[in-house]
Amino acid sequence: MTHAQLAHAILRALLVEKRAANVVNFGGRDPPLRFHPQDVQIDGYPQEQAGAVDLAVAEAWAWMDRELILVVSDFLTPGWRKLSRVGEQFLAAADPAPLLAARQIDRTNLHPALQGEALDNFLRGAYDVSVFCAFRDVEVAVRKASGLPETRLGIQLMADAFNPTGGPLRDTGIAAGEQTAMMNLFQGAIGLFKNPGSHRYVQVDAKAAAELLILASHLLALVDARTPRA
């Protein structure tokens, strides 16, 4: 169980199933709920595992603080917490993974080319489609920047565009081995992350999709840096 899954279970136990004795509402009229690991009653575990369970619960609490699921409710009484706005969404979600994945992407730092279909599909939870769109955007950008014809596709396009011996997007300011590595980087990204989605259904979870959108964004920035300026 991940920290997020355990945190979700803890909050549901305290605030939905109301197993904790000191559960109160968060409307502001009553004192806030004082969150501490000992508030969660853990039954059914062998006594020798009590330390490990306590540690896991403590880690989940620390994770909720770090991810701003919980925020300080009263600066005069340290240790008191309330749900943040994100925390309310986190608690309400049947599966919090998409919400957490979306928070990994800072759209202000995401390449503009990805802020259409790629990002829209990601936010809808269509992670496989999102990844395919992102690397299709990379392929389109490489073709446009290199001036190569529409007949150049996929891995071959990357090889022609970044070929150290004459590719229009090669970087002559770096060593020949690094030029080859850049060509291999683009070929590998297209071959591994775009091409499979063209031929079959691909399983991609929220975390992997977020990471791959960030990778595609970086590749697009590299293309921008190699695009000839008028």
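Our structure's up above, just so we're on the same page.
Calculation notes
Residues numbered from 1 in each chain as written. Predicted model: local features only at pLDDT ≥ 70, side-chain atom pairs only at ≥ 80, totals over all residues. Heavy atoms only, no water. Buried < 20%, exposed > 50% of the residue type's maximum accessible area, 1.4 Å probe, protein only. Helix = DSSP H or I, 4+ residues; strand = E, 2+ residues; numbered from the N terminus. Arc of directions from axis to C-beta. Polar contact = N/O pair within 3.5 Å; in protein donor to acceptor, adjacent residues only side chain to side chain. Phe/Tyr/Trp six-rings, centres within 6.5 Å; stacked < 30°, edge-to-face > 60°. Contact = heavy atoms within 4.5 Å. Salt bridge = Lys/Arg side-chain N within 4 Å of Asp/Glu carboxyl O. Core = buried A, V, L, I, M, F, W, Y, C linked by side-chain atoms within 4.5 Å.

A. Structural view of helix H5 (residues 117–124). Among all positions in H5, only Ala118, Leu119, Asn121 and Phe122 are buried. Buried residues of H5, seen end-on, are gathered within an arc of 165° and therefore sit on one face of the element. Among the residues trailing H5, Gly125 stands out with phi positive, at a value near 90°.

B. Inspection of the environment of Asp205 at higher detail. Note that Asp205 resides in the loop between helix H8 (176–199) and helix H9 (206–226). A polar side-chain atom of Asp205 sits 2.7 Å from the main-chain amide nitrogen of Ala208.

C. Structural detail: the packing of aromatic side chains. For the structure on display, the rule yields four aromatic pairs. When the ring of Phe122 is compared with that of Tyr127, the centres are 5.4 Å apart and the planes differ by 65°; the resulting orientation is edge-to-face. Seen in terms of ring centroids, Phe135 and Phe193 are 5.4 Å apart; in terms of plane orientation they differ by 40°. Their pairing is tilted. A residue pair is termed long-range when its members are at least 10 positions apart, and Phe135 in helix H6 (residues 127–146) and Phe193 in helix H8 qualify at 58 residues. When its relative accessible area of 25% is taken as the criterion, Phe193 is described as partly exposed.

D. Inspection of the side chain of Asn121 at higher detail. Inspection of the secondary structure puts Asn121 in helix H5. Those residues within four positions of Asn121 in sequence are excluded, and the remaining contacts are Ala126, Tyr127, Val129, Ser130 and Cys133.

E. Inspection of the pattern of salt bridges at higher detail. Counted according to the given criterion, the structure contains six salt bridges. One salt bridge in this structure joins Glu139 and Arg143, with 3.0 Å as the shortest N-O distance. Of this pair, Glu139 and Arg143 both sit in helix H6, four residues apart, which is roughly one turn of that helix. Neither residue differs from the other here; Glu139 and Arg143 are each classed as buried. Here the salt bridges share partners, and the residues they tie into one network are Glu139, Arg143 and Lys194.

F. Region of interest: the nonpolar core. In terms of nonpolar packing, the biggest core is built from 36 residues, with Phe135, Val138, Val142, Phe162 and Phe186 touching the most fellow members. When residues of this core are traced back to their parent elements, those giving at least two are H5, H6, helix H7 (154–162), H8 and H9. No other element matches H9, which puts nine residues into this core. Those residues in contact with Val142 that sit more than four places away from it in its chain are Leu157, Met158, Ala161, Phe162, Leu169, Phe186 and Val223.

So, to be careful, I would describe these as geometric facts and stop short of saying anything about function.
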